[in-house]
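# Descriptive analysis of the structure
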Amino acid sequence: PGPVGRRGYWRTVGLTESIISELDTDHHFVHRSTIPTMHFQDSLPRLPVPKLEDTVKRYLAAQKPLLDDDQYRNTERIAREFEKGVGRKLHRDLVEFDKKNKHTSYISDPWFDMYLCARDPVVLNFNPFISLNPDPKEAYNSQVVRATNLVVSSIKFLNSLNNELLRPDIYYVNPKWSQSRLFKKFIRLLPTSVSWYGAYMVNAYPLDMSQYKRLFNSSRIPKLNKDELFTNELGRHLLVMRNGHFYVFDVLDTDGNILHPSEIQAQLIYILQDADRLPEFSLCYLTTEDRNTWAAVRQQLLEAGNEDNLQKIDSAVFCLCLDNISPKDDIELSHCMLHGRGFNRWFDKSFSLIITSDGTAGVNFEHSWGDGVAVLRFVNEVYRNSTRHPAIVPHSSPAALSATKCERLEFKLNDSIQSAINAARVKFEETNEKISVRMFEFRKFGKEFLVKQKLSPDAVFQLACQMTAYRQFGKIISSYEACSTAAFKHGRTETIRPTSIVTKQCSHAFVEERSKHSVAELRNMIDECSKYHRRLQLEAALGKGFDRHLFALKHLSVSRGDPMPELFLDSAYQKLNHIILSTSTLHSPAVHLGGFGPVVPDGFGIGYNVFDTWVGCNTTGYLSRELQEFLRCLEYSLNDILDVLEGRPLV
Ligand code: BUJ
């Protein structure tokens, strides 16, 4: 047997070992890793279930800044009773369950359920986007050239993954030594049952790779009350959307060879010419619907004889959206990547690669199957590969077209389905009207300056947001920073709670007591916030937050039909989980922008990055004026922080 299909859930079609050795790596793979892709999977450490008393302690510490004394005393009482009573039993059962399920993590199933049971539309509420920098070679940014190159690189990524040639994700503390050949050869020889420990000995931390099995050929299927994830690794066709029309053509042959780039180019040109007008009813809008509504219409679609077409959509390697729009700035670009105009997307697909008329590329992804780490890795690899080893050049000629290879999907729509599409379109357009996107840039300092000041850049940005909210709303508001727990087997994310007693004191001092404190005192407060935030970050990355643990306990209680424990009914618990500031950060040379919608109607979605010399964020919200005001106050807060760091008193 070849390297393909060695694992049960892994792909069963692909290249055989003998073929691989004969091929030029560049034409079929993004790279050829010495260490097999899934080498560490068996020996990854397990996500710890925190001790219940630690969880309660952390929970109360996060509640403290949000509550007045009376409210806090009440919440503390409820939490202590939970710890001694019903919580203790739930925790014991959770630990027991976890011990019996060593192949996964305690959070994996509850987290899938959280996403799949949610009935809100995936667009805006869940699907984030990441957009790519342009190809540095100007002429490679025409729509067809970029699309062809990115499709080929994506399929190379898929081939690398399926043949265990994709480098495993590893967090290197000491990249020089652990990325050396010697290290890789040594690690490769270790049996998979101990390989993780070999990496750990040299301070390298392999990450969970389980999410990648749903990156390709996957779709979320709407079902009544709980959706399902579908993967058909046998799919070899690409789904291409243009002007609301669906096309499929094979991009791989049965041996896993990639269709010649000039043929892919020819198919895309054909599609651009063929889909010259919008269909009367675009099915795409249905994927923007509430999930139960969509589940019911999907059933009608199946009954009306569209099963084959839906199968083709669901099992396609991924979805390529060739958009008929050239965003004039980053705000338009964000709108386009985050929700688009609804008729040229299939939001249920694990991911869609979107290319606008001017060749700007981005990925919009469904979130239930995986997190930012896996999608960012994909984005990084395809950006790098498509810019360094482009499959076609701007003057490449497309192959002579055999149009039969490309199929346009025609759907059978009855009156009821047509009116469901219309209703979905109207709702989608109304929501789109309401969502605002705002960019923010602060050019006076960035990571380099903050590191010299011995401060955590992330902590400073989060502190600035806290001060901002305090200035704008006159109180502390519930905030969330996403943190990956991919260092553990089937880890997902943990929440960092950027609000704390120290950020509250510091915000209060900067907003309400500007002349009361000396610069040295204010500086000291910033230092304390930075230290505290660093600790929270580390704890979250090690699975030692409180959010996921409480979530799993609640999930267990609900799934058993127990009466809801008081802790989860406490209005303070609900307030803490009404996230006004939802934040997430990432950094990569491949990435131009990223973003996501707010998670509550009165909240903001804040994608940010502290770059070397500046700070940037891309924000979304339904309350447009408040969002604008938030960014005005954010600038104020960052200027205040700069004044103090440079020794100037606040004026
Ligand atoms: O927390 C979770 O479990 C997952 C989170 C959910 N939420 C988005 C609601 C926080 N998901 C993620 O964090 C993935 C988000 C992926 C997009 C991240 C965007 C970051 C943007 C960086 C670049 C901004 C630069 C702006 C320059 C003007």
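Calculation criteria
Residues numbered from 1 in each chain as written. Predicted model: local features only at pLDDT ≥ 70, side-chain atom pairs only at ≥ 80, totals over all residues. Heavy atoms only, no water. Pairing = 2+ DSSP bridges. Helix = DSSP H or I, 4+ residues; strand = E, 2+ residues; numbered from the N terminus. Core = buried A, V, L, I, M, F, W, Y, C linked by side-chain atoms within 4.5 Å. Buried < 20%, exposed > 50% of the residue type's maximum accessible area, 1.4 Å probe, protein only. Contact = heavy atoms within 4.5 Å. Near = heavy atom within 4 Å. Polar contact = N/O pair within 3.5 Å; in protein donor to acceptor, adjacent residues only side chain to side chain. Areas by Shrake-Rupley, 256 points an atom, 1.4 Å probe, with all protein chains shown as cover. Nonpolar A, V, L, I, M, F, W, Y, C, P; charged D, E, K, R; others polar. pLDDT = per-residue confidence, 0-100. Axes fitted to C-alpha atoms, helices over the stretch in contact; angles between N-to-C directions. Expected span 1.5 Å × (residues − 1). Salt bridge = Lys/Arg side-chain N within 4 Å of Asp/Glu carboxyl O. Left-handed = near helix turned anticlockwise from the far one by under 90°.

The sheet built from eight strands is open, its strands ordered S11-S7-S6-S8-S9-S10-S1-S16 with mixed pairing. Every interior strand has two partners, whereas the edge strands, strand S11 (407-408) and strand S16 (591-595), have only one. Sheet topology note: the strand S7 (residues 245-250)/S11 ladder contains two bridges and is antiparallel. Residue pairing across strands places Tyr-247 opposite Arg-408, the latter belonging to S11.

We now examine the nonpolar core. Across soluble globular proteins, you tend to see nonpolar side chains buried next to one another. Core analysis: the largest hydrophobic core is formed by 50 residues, its most contacted members being Phe-157, Phe-249, Phe-318 and Leu-320. For this core, the element with the most residues is helix H7 (residues 143-162), which contributes eight residues. Every residue in contact with Phe-249, bar those within four places of it in the chain, is listed here: Arg-236, His-237, Leu-238, Val-240, Leu-259, Ile-264, Gln-267, Leu-268, Ile-271, Lys-405 and Cys-406.

With that out of the way, let us pick up the site of the ligand. The full set close to the ligand counts 23 residues, and His-367, Tyr-480, Ala-482, Thr-493 and Ser-584 are the nearest of them. A distance of 2.8 Å separates a nitrogen atom of the ligand from a polar side-chain atom of His-367. Interatomic distance of 2.5 Å between a side-chain N/O atom of Tyr-480 and an oxygen atom of the ligand. Expressed as a share of its isolated accessible area of 730 Å², the protein-covered part of the ligand is 93%. Elements supplying a minimum of two residues to the shell around the ligand: strand S13 (479-484), strand S15 (581-585), S16, strand S17 (604-610) and strand S18 (615-621). Grouping the constituent residues of the shell around the ligand by class yields 13 nonpolar, nine polar and one charged.

What follows concerns the confidence of the model for the protein. Predicted confidence across the protein gives a mean pLDDT of 94, with 96% of residues reaching 70 or more. Below a pLDDT of 50 lies the segment residues 1-24, which in the model reaches 57 contacts outside its immediate sequence neighbourhood of four places, other chains included. Across the assembled chains, the prediction reports ipTM 0.99 with pTM 0.95.

Right, let's talk about the sheet that holds S18 for a bit. Within a beta sheet, neighbouring strands are joined by backbone hydrogen bonds and run either parallel or antiparallel to one another. Ordered in space as S12-S18-S17-S15-S13-S14, the six strands form an open sheet in which the pairing is mixed. Each edge of the sheet is formed by a strand with only one pairing partner; in this case those strands are strand S12 (436-442) and strand S14 (493-496). Between one strand axis and the next, the sheet turns through 25° on average, direction left out of account. The pairing of S12 with S18 spans seven bridges and is classified as antiparallel. When the sheet's bridge partners are listed, Val-437 is paired in S18 with Thr-620.

A few words now on helix H3 (residues 52-63). A rise of 1.5 Å per residue sets the reference length of H3, with its 12 residues, at 16 Å; its end C-alpha atoms lie 16 Å apart and thus fit the reference within 8%. Within H3 the residues assigned to the buried category are Leu-52, Thr-55, Val-56, Arg-58, Tyr-59, Leu-60, Ala-62 and Gln-63. For H3, the elements touching its buried residues are helix H4 (69-84), helix H5 (86-100), helix H20 (519-541), helix H21 (547-559), helix H22 (566-569) and helix H23 (571-576).

Summed over the entire model, instances satisfying the criterion amount to 46 salt bridges. With a shortest N-O distance of 2.5 Å, Arg-377 and Asp-169 are connected by a salt bridge. Note that Arg-377 is positioned in helix H15 (residues 372-388) and Asp-169 in the loop between H7 and strand S2 (170-172), a separation of 208 residues in sequence. Both residues of the pair, Arg-377 and Asp-169, count as buried. Between Arg-408 and Glu-410 there is a salt bridge, and its shortest N-O distance comes to 3.2 Å.

A separate point is the packing of H20 against helix H24 (residues 624-645). Across the interface, H20 lies against H24 with an axial gap of 9 Å and an inter-helix angle of 115°. Judged by the sense of rotation from one axis to the other, the crossing of H20 with H24 is left-handed. Contacts between H20 and H24 involve Val-519, Leu-522, Arg-523 and Ile-526 from the former and Ile-641, Val-644 and Leu-645 from the latter. Tallied by class, the residues present in the contact of H20 with H24 amount to six nonpolar, no polar and one charged.

What follows covers unusual backbone geometry. The backbone phi angle of Asn-203 is positive, close to 65°, even though this residue is not glycine. Structurally, Asn-203 can be placed in the loop between helix H10 (195-201) and strand S3 (204-206). Positive phi outside glycine occurs at Asn-217, with the angle close to 55°. Within the fold, Asn-217 resides in the loop between S3 and strand S4 (218-221).

Moving on, we get to the environment of Val-651. Inspection of the secondary structure assignment puts Val-651 in the segment after H24. Along the primary structure Val-651 and Arg-220 are separated by 431 residues, whereas in three dimensions their C-alpha atoms are 53 Å apart.

So, about the side chain of Glu-366. Relative to the helices and strands, Glu-366 resides in the loop between strand S10 (361-365) and H15. What makes Glu-366 buried here is its relative accessible area of 1%.

Inspection of the sheet shows S4 paired to strand S5 (residues 228-231) by four bridges, in the antiparallel sense. Looking at the pairing, Ser-218 lines up with Thr-231 of S5. Between S4 and S5, which pair antiparallel one after the other, the connecting turn spans six residues, and Asn-225 there sits at a positive phi close to 70°.

Here the focus is the pairing of strand S9 (residues 351-355). Taking burial as the measure, the five residues of S9 include five buried ones, the bulk of the element. Of the two faces of S9, both are covered, the one formed by Phe-351, Leu-353 and Ile-355 as well as the one formed by Ser-352 and Ile-354. With four bridges joining them, strand S8 (residues 319-322) and S9 adopt parallel strand pairing. Bridging from a neighbouring strand, Leu-322 pairs with Ile-355 of S9. In the sheet, S9 pairs with S10 via five bridges, with the strands oriented antiparallel. By the bridge assignment for S10, Phe-351 is matched with Phe-365. Between the antiparallel neighbours S9 and S10 lie five residues, among them Gly-359 with a positive phi of about 80°.

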